[in-house]
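Summary of the model geometry
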Amino acid sequence: MNLSFSFLSKLTLVSFPANELKKKNKIHDYSQQVWGSDYVFERLNEGIIGYMTGVGKGIKPRDRIILQQGCESYQYQVEEIDYYSEPSDMWIALLKQVLVE
């Protein structure tokens, strides 16, 4: 009887990380937005990182944002994000460029 209880408790611990893996980070496409009016991106370290101010709800750390510069698209991961109190959907985020395969 102790064996089955031990097995069930370990099974619960093993299944917990699998549930965490099911959570997907979202991709937010800002490539069709206009720099300077819809968002502002301040490049740092040759564009590898930068600060972006934009509008949109539901953006969280580890989500990705697609930006376009000229005819090139770049994908950035949200490292940190803070929402303004007014308007509540405006935010500033620290982004880090990621390579897309």
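Everything discussed here concerns the structure shown above.
My aim in this report is to walk through the structure given alongside it, one point at a time. Only a predicted model underlies this, so the values are computations on that prediction, with no experimental measurement involved.

1. A closer look at the nonpolar core
Core analysis: the largest hydrophobic core is formed by 13 residues, its most contacted members being Tyr 30, Met 52, Ile 65, Leu 67, Trp 91 and Leu 95. Going through the elements one at a time, β2 (39-44), β4 (64-69), β5 (72-83) and β6 (90-98) are the ones with two or more residues in this core. Those residues within four positions of Ile 65 in sequence are excluded, and the remaining contacts are His 28, Tyr 30, Met 52, Ile 59, Tyr 74, Gln 75, Tyr 76, Val 78, Trp 91 and Leu 95.

2. Concerning the pairing of β4
Direction of pairing for strand β1 (residues 27-29) relative to β4: parallel, over a ladder of three bridges. Paired with His 28 across the two strands is Ile 65, which belongs to β4. The pairing of β4 with β5 spans six bridges and is classified as antiparallel. Within β5, the residue paired with Arg 64 across the bridge is Gln 77.

3. Points about the packing of aromatic side chains
Per the counting criterion, the structure on display carries three aromatic pairs. Summarising the aromatic geometry, the rings of Tyr 30 and Tyr 39 are spaced 6.2 Å apart at their centres and angled 85° between planes, so their arrangement reads as edge-to-face. In this structure Tyr 30 comes out as buried when scored by relative accessible area, which is 8%. By relative accessible area, which is 5% here, Tyr 39 ends up buried. Summarising the aromatic geometry, the rings of Phe 41 and Tyr 76 are spaced 5.0 Å apart at their centres and angled 55° between planes, so their arrangement reads as tilted. Of the two residues, Phe 41 is situated in strand β2 and Tyr 76 in strand β5; the sequence distance between them amounts to 35 residues. Take Phe 41: its relative accessible area is 11%, and that puts it in the buried class. Owing to a relative accessible area of 4%, Tyr 76 belongs among the buried residues under this scheme.

What counts as what
Residues numbered from 1 in each chain as written. Predicted model: local features only at pLDDT ≥ 70, side-chain atom pairs only at ≥ 80, totals over all residues. Heavy atoms only, no water. Core = buried A, V, L, I, M, F, W, Y, C linked by side-chain atoms within 4.5 Å. Buried < 20%, exposed > 50% of the residue type's maximum accessible area, 1.4 Å probe, protein only. Helix = DSSP H or I, 4+ residues; strand = E, 2+ residues; numbered from the N terminus. Contact = heavy atoms within 4.5 Å. Pairing = 2+ DSSP bridges. Phe/Tyr/Trp six-rings, centres within 6.5 Å; stacked < 30°, edge-to-face > 60°.

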